[in-house]
Amino acid sequence: MEYGICTALTNYQLLEEMGYDYIELSVTATAALEEGIREEYRKKLEASSLKCRAFNILFPKTMDLIGGGTKTEEIREYLHQSMAMVKDFGAGTVVFGSGKCRKCPETMAYGDAYKRLVEVCRMTGEIAGEYGIQIVIEPLSRKETNLICTMAEGAILEADVALPNVGLLSDYFHVMANHDQIEDIKTINNFRHIHIASADGRRFPLAENAGEAYREFFQALKAVGYDGGISIEGKTEDLARDGVKALELLKKLEREIDG
């Protein structure tokens, strides 16, 4: 497996020093950087041993993908700009989370909202495909959205979108927050990217504390032959300290489960 952290572009050198394989950036935060600064860091990252494997936070919170507040043409234009930037950074994966943007409005029937989400997700995949990029659907906590919360729901959306470059992500924190079933990973058996943070407080995973099921999560991933990227997406007040501890834990789990 390869390990990375979801963090700002300015932290790339620290991740490299800690021994991570890649960095996962935010589409919205990276796009908001002044163009000259963004290009300067892109070149530095390109020259480093660290890869930019993935991007997350695809859509800004101000966009309404489901209720019609943001027009389709505006979404298309935004996606083309975003995917061009992602391609420039050499990343091959973009996470479709953006829970607020994809909520079913109170004034809309759930079935209609789902149909619209399928349309938007398919459009996102089609545009991403033009740039050689895959989209991964992220099931989210019910506190963040009311559309696509479990891994099974994500798998159904993936099937309905029916594009080869649109896949599924599992996020340990959201799995635990929703009381989703880790064992469903074995049934679904089709994940292209992974996020992880502690169930308790969404922090960096530092130890196998009570209430955490990191080992079971890794065992399920191992059972389906997952060998892709695992990104830490959690809180920390000390990236250098916690980044080292988290990487040690994740590699230890992988090593022990591999036997």
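Up top is the structure these notes are about.
Residues numbered from 1 in each chain as written. Predicted model: local features only at pLDDT ≥ 70, side-chain atom pairs only at ≥ 80, totals over all residues. Heavy atoms only, no water.

A. Structural detail: the environment of Gly90. Topologically, Gly90 is positioned in the loop between α4 (72-88) and β4 (93-96). The class for Gly90 is exposed, based on a relative accessible area of 55%. For Gly90 and Gly201, which are 111 residues apart along the polypeptide, the C-alpha to C-alpha distance reads 32 Å. (Helix = DSSP H or I, 4+ residues; strand = E, 2+ residues; numbered from the N terminus. Buried < 20%, exposed > 50% of the residue type's maximum accessible area, 1.4 Å probe, protein only.)

B. Examining the packing of helix α9 (residues 214-223) against helix α10 (residues 239-258) more closely. It is the contact of α9 with α10, at a shortest axis distance of 10 Å, that shows an interaxial angle of 55°. When the axes of α9 and α10 are compared, the pair comes out oblique. Considering the relative orientation of α9 and α10, their crossing is right-handed. Contacts between α9 and α10 involve Tyr214, Arg215, Phe218, Gln219 and Lys222 on the former and, on the latter, Leu249, Leu250, Lys252, Leu253, Glu254, Glu256, Ile257 and Asp258. (Axes fitted to C-alpha atoms, helices over the stretch in contact; angles between N-to-C directions. Parallel < 35°, antiparallel > 145°, perpendicular 65-115°, else oblique. Left-handed = near helix turned anticlockwise from the far one by under 90°. Contact = heavy atoms within 4.5 Å.)

C. Region of the structure containing the pattern of salt bridges. Applying the stated criterion to the full structure yields 16 salt bridges. Two residues, Arg215 and Glu256, come together in a salt bridge whose shortest N-O distance is 2.7 Å. Of this pair, Arg215 sits in helix α9 while Glu256 sits in helix α10, and the two are 41 residues apart along the sequence. Owing to a relative accessible area of 40%, Glu256 belongs among the partly exposed residues under this scheme. With a shortest N-O distance of 2.9 Å, Asp242 and Arg241 are connected by a salt bridge. Residues joined in a network through salt bridges with shared partners are Glu208, Arg215, Lys252 and Glu256. (Salt bridge = Lys/Arg side-chain N within 4 Å of Asp/Glu carboxyl O.)

D. Focus on the environment of Arg38. Structurally, the position occupied by Arg38 is in helix α3 (residues 35-47). Residue Arg38 is classed as buried on the basis of its relative accessible area of 18%. Along the backbone, Arg38 and Cys104 are 66 residues apart, and their C-alpha atoms lie at a distance of 34 Å. Leaving out residues up to four positions away in the same chain, Arg38 has contacts with Leu9, Thr30, Ala31, Leu33, Met85 and Phe89.

E. Quick look at the packing of aromatic side chains. Under the definition given, this model contains six aromatic pairs. Among the aromatic residues, ring-to-ring pairing joins Phe59, Tyr78 and Phe96 into one connected group. Between the NZ or CZ atom of Arg53 and the centre of the ring of Tyr22, over which it lies, the distance is 5.6 Å. (Phe/Tyr/Trp six-rings, centres within 6.5 Å; stacked < 30°, edge-to-face > 60°. Lys NZ or Arg CZ within 6 Å of the ring centre and 35° of its normal.)

F. Focus on the packing of helix α5 (residues 110-130) against helix α6 (residues 151-161). Where α5 contacts α6, the axes come no closer than 9 Å and their chain directions differ by 65°. Crossing geometry of α5 relative to α6 is assigned as right-handed. Two secondary-structure elements touch here, α5 through Tyr114, Leu117, Val118, Cys121 and Arg122 and α6 through Ile156, Leu157, Asp160 and Val161. Here the residues of the contact of α5 with α6 sort into seven nonpolar, no polar and two charged. (Nonpolar A, V, L, I, M, F, W, Y, C, P; charged D, E, K, R; others polar.)

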